[in-house]
Amino acid sequence: MTARKHTALPWKVVSEPNFDNGLVYTSIQPVNVDAEAMKALAMMNGEFHVCRMSHTAAPWRFNYYRANAAFIVDACNSYYQMRDALAAKDAEIERLRAALSEIATTEEYRGLSAEEAMGVAQAALKAERVAA
């Protein structure tokens, strides 16, 4: 696997009011800060931002920006786990296809219903997992 080229996960949503102008700033920030590695993200106030959403004083806009930031954070924080889970499911589907193909081309299994064929394929996969 190639090295990740983005800010280390996890990230978090931060919303802070600016008392000088009354605006609320919403941003996405790293949870674990490595100041040396994250120099490019450093703000003048010492905070580190992955990205900064627009700022507003309107509550409905603030809620919208915060919801968008939360969606981005949830998606990014779960990306690698979801990718790996999908890869595992893809591999399982491929094994099922191979088992069903074998069933379809083996004389002793001809005439099985779809449910019966699936049962044979699932049993073969279960035996494969136990053997592994």
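As shown above, the structure is provided for reference.
Here the residue index of a chain counts from 1 through its sequence in written order. Per-residue local features are limited, in this predicted model, to residues with pLDDT of at least 70; the limit for side-chain atom pairs, both in listing and counting, is 80 or more; totals at the level of whole chains, interfaces and linings are taken over all residues. Remark: hydrogens and water are excluded; side-chain values derive from all non-hydrogen atoms of the structure.

## Considerations on the pattern of salt bridges
Close approach of charged atoms allows side chains of opposite charge to pair.
No. 1: By salt bridge we mean one thing: a side-chain nitrogen of Lys or Arg within 4 Å of a carboxyl oxygen of Asp or Glu. If you walk through the whole model with that rule in mind, you get four salt bridges.
No. 2: Two residues, Lys 39 and Glu 36, come together in a salt bridge whose shortest N-O distance is 3.1 Å. Just as Lys 39 is exposed, Glu 36 falls in that class too.
No. 3: Across the pair Arg 97 and Glu 94 runs a salt bridge whose closest N-O atoms are separated by 3.9 Å. Here's how the labels work: a residue is buried when its accessible area is under 20% of the maximum for its type, exposed when over 50%, partly exposed in between, all with a 1.4 Å probe on protein chains only.

## Re helix H1 (residues 59-105)
Working note: α-helix, 3.6 residues per turn, so residues spaced by three or four point in the same direction.
No. 1: Secondary structure elements are taken from DSSP: a helix is a run of H or I of four residues or more, a strand is a run of E of two residues or more, and numbering for both begins at the N terminus. Take the number of residues in a helix, subtract one, and multiply by 1.5 Å to get its expected span. The terminal C-alpha atoms of H1, which comprises 47 residues, lie 64 Å apart, in line with the 69 Å expected from a rise of 1.5 Å per residue.
No. 2: The bend reported for a residue corresponds to the angle between axes fitted to the seven residues ending at that residue and the seven starting there. In H1, a bend of some 55° at Tyr 79 exceeds every other bend along the element.
No. 3: Where H1 is concerned, the buried positions are Tyr 65, Ala 69, Val 73, Tyr 80, Leu 96, Ala 99 and Ile 103.
No. 4: In this analysis, two residues are considered to be in contact whenever any of their non-hydrogen atoms come within 4.5 Å of each other. On its buried side, H1 packs onto strand E1 (11-18), strand E2 (23-30), strand E3 (51-56) and helix H2 (114-131).

## Remarks on the pairing of E2
No. 1: Among the eight residues that make up E2, eight are buried, leaving the element largely enclosed by the rest of the structure.
No. 2: Where burial is concerned, the two faces of E2 agree: the one with Leu 23, Tyr 25, Ser 27 and Gln 29 and the one with Val 24, Thr 26, Ile 28 and Pro 30 are both buried.
No. 3: Examined bridge by bridge, E1 and E2 share eight bridges and lie antiparallel to one another. For Val 14, the partnering residue across the bridge sits in E2 and is Ser 27. DSSP bridges decide pairing: two strands pair if at least two such bridges lie between them.

## Quick word on the packing of H1 against H2
No. 1: Put simply, H1 and H2 touch, their axes get as near as 9 Å, and they point 125° apart. It follows from the interaxial angle that H1 and H2 lie oblique. Where H1 crosses over H2, the two elements pack in a sense that is right-handed. For the pair H1 and H2, the contacting residues are Glu 92, Arg 95, Leu 96, Ala 99, Leu 100 and Ile 103 in the first and Ala 117, Met 118, Val 120, Ala 121, Gln 122, Leu 125, Glu 128 and Arg 129 in the second.
No. 2: Each residue is assigned to one of three groups, with Ala, Val, Leu, Ile, Met, Phe, Trp, Tyr, Cys and Pro labelled nonpolar, Asp, Glu, Lys and Arg labelled charged, and all others, Gly among them, labelled polar. For the contact of H1 with H2, a count of residues per class yields nine nonpolar, one polar and four charged. Only the stretch in contact is used when fitting a helix axis, every axis being a line fitted to C-alpha atoms; angles between N-to-C directions are given from 0 to 180 degrees. Should an angle lie under 35 degrees it is considered roughly parallel, over 145 roughly antiparallel, and from 65 to 115 roughly perpendicular; all remaining angles are considered oblique. By the definition used in this description, the sense in which the near helix is turned from the far one sets the handedness, with an anticlockwise turn below a right angle giving left-handed and a clockwise turn giving right-handed.

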